[in-house]
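Chain residues, written in single-letter form:
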Amino acid sequence: MKLNTETGLLESVLQHRSPNQDERPQGEVISLLVIHGISLPPGQYGGGWIDDLFMNQLDSSAHPYFSQLEGLKVSTHVLIRRDGEVIQYVPFVARAWHAGVSAFQGRQHCNDYSIGIELEGQDDEPYTDIQYQQLIELKDFLMGHYPAIHSERVVGHSDIAPGRKSDPGSAFEWARLELF
């Protein structure tokens, strides 16, 4: 992997620039990596629904589940699909809207200082080997570029929004990330 440090964009990955982003607070240090899980509709993989959600193009009438997402404006820095494809939606230097109401170690507004990585999947279904391979490579790469992210600062969405979020879920194998 290669990062353009000025733009915050990974080279050689698919880029879909989400409108759901803004500037990080001035002087903010990127210091947290948040792992998420997503499938749209729940339990279904492939297709363009996730992309449509992050690009504000999701047709809320296309599936009954989508009605609850109508008007939602969310994004992530990176999505890793089940086949290992990596898509970047927001440059790392910008604030993606992935964490929502959140706190880590008593500090609120995790979007301000975190990078969000979505894995295509759901809480109770194993993620794929290629997803873990891509995630490990990306995690190591980001930790090398953002030294304030270290093993104790790689968390799940459930860790920063307990009771509200459960992803990446019980099927996520933390030990595979080789954090310790």
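It should be emphasised that the depicted structure is a prediction, and the values quoted were computed from it without experimental measurement.

A.B. asks: Quick question: what am I supposed to make of the overall build of the protein here?
C.D. replies: When helices and strands are counted, the protein shows 3 helices and 12 strands. For the protein, the C-alpha atoms occupy an extent of roughly 45 × 35 × 35 Å along the three principal directions. Sorting the 180 residues of the protein into buried and exposed places 51% on the buried side. For the protein, the proportion of contacts with a sequence separation of at least 24, taken over those separated by at least 6, is 70%. Per element, the accessible surface of the protein, about 8500 Å² overall, is 50% carbon and sulfur. Averaging the locations of the 13 positively and 25 negatively charged side chains of the protein gives two centres separated by 5 Å.

A.B. asks: Honestly, the sheet that holds strand S3 (residues 14–15) in this entry has me stumped. Any pointers?
C.D. replies: Note: strands within a sheet are paired through backbone hydrogen bonds, in either parallel or antiparallel orientation. The strand order S3-S7-S6-S11-S5-S12 describes an open sheet built from 6 strands, whose pairing is mixed. In this open sheet, the two edge strands, each paired with only one partner strand, are S3 and strand S12 (154–156). For strand S5 (residues 32–38) and strand S11 (residues 114–120), the ladder comprises 7 bridges, and the chain directions are parallel. Note that in S11 the partner of Leu33 across the bridge is Ile115. Seen against the sheet, helix H2 (residues 129–145) touches S5, strand S6 (78–80), strand S7 (86–88) and S11 and runs at an angle of roughly 170° to S11.

A.B. asks: Help me out: how do you make sense of the pairing of S11 in this one?
C.D. replies: Where a strand is regular, its side chains alternate between the two sheet faces. Judged by how many residues are buried, S11 sits mostly within the fold: 7 of 7 residues are covered. Residues Ser114, Gly116, Glu118 and Glu120 line one face of S11 and the alternating positions Ile115, Ile117 and Leu119 line the opposite face, and both faces are buried. Taken together, the 3 bridges between S6 and S11 define a ladder with parallel strand orientation. Across the sheet, the residue bridging to Val78 is Ile117, located in S11.

A.B. asks: So what exactly am I meant to see when it comes to the nonpolar core here?
C.D. replies: General note: in soluble globular proteins, nonpolar side chains tend to be found buried as a group. The biggest cluster of nonpolar side chains holds 26 residues, and the ones touching the most others in it are Phe92, Ile115 and Leu142. Looking at this core, the elements that each hand over two or more residues are S5, S6, S11 and H2. Per element, the largest residue contribution to this core is 6 residues, and it comes from H2. Apart from residues no more than four positions distant in its own chain, Ile115 is found in contact with Arg24, Ile30, Leu32, Leu33, Val34, His77, Phe92, His98, Leu142, Tyr146 and Ile149. Counting residues in each nonpolar core, the second largest holds 16 residues, with Ile50, Met55, Phe66 and Ile87 among its members.

Cut-offs and rules
- Each chain carries its own residue numbering, running from 1 in the direction its sequence is written.
- Local features in a predicted model are, by the rule used here, given only for residues with pLDDT of at least 70; side-chain atom pairs are given and counted only at 80 or more, and totals for whole chains, interfaces and linings are based on all residues.
- To get the side-chain values, all heavy atoms of the structure are used, and hydrogens and water are removed first.
- By the criteria applied, helices consist of DSSP H or I runs no shorter than four residues and strands consist of E runs no shorter than two, each listed in order from the N terminus.
- Think of it in three bands: residues with accessible area under 20% of the maximum for their type are buried, residues over 50% are exposed, and the middle band is partly exposed, with areas taken using a 1.4 Å probe on protein chains only.
- For this analysis, residues touch if any pair of their heavy atoms sits within 4.5 Å.
- The accessible surface values rely on the Shrake-Rupley method and a 1.4 Å probe; as for residues, cover is taken only from the protein chains in view.
- Just so you know, the count uses Lys and Arg for positive and Asp and Glu for negative, and it drops His and the chain ends.
- Think of each charge as sitting on NZ of Lys, CZ of Arg, CG of Asp or CD of Glu.
- By this definition, two strands are paired if DSSP reports at least two bridges between them.
- Every angle, taken between N-to-C directions, lies between 0 and 180 degrees, and every axis is a line fitted to C-alpha atoms, over only the stretch in contact when it is a helix.
- Buried residues of nine kinds, namely Ala, Val, Leu, Ile, Met, Phe, Trp, Tyr and Cys, make up a nonpolar core once their side-chain atoms join them within 4.5 Å.

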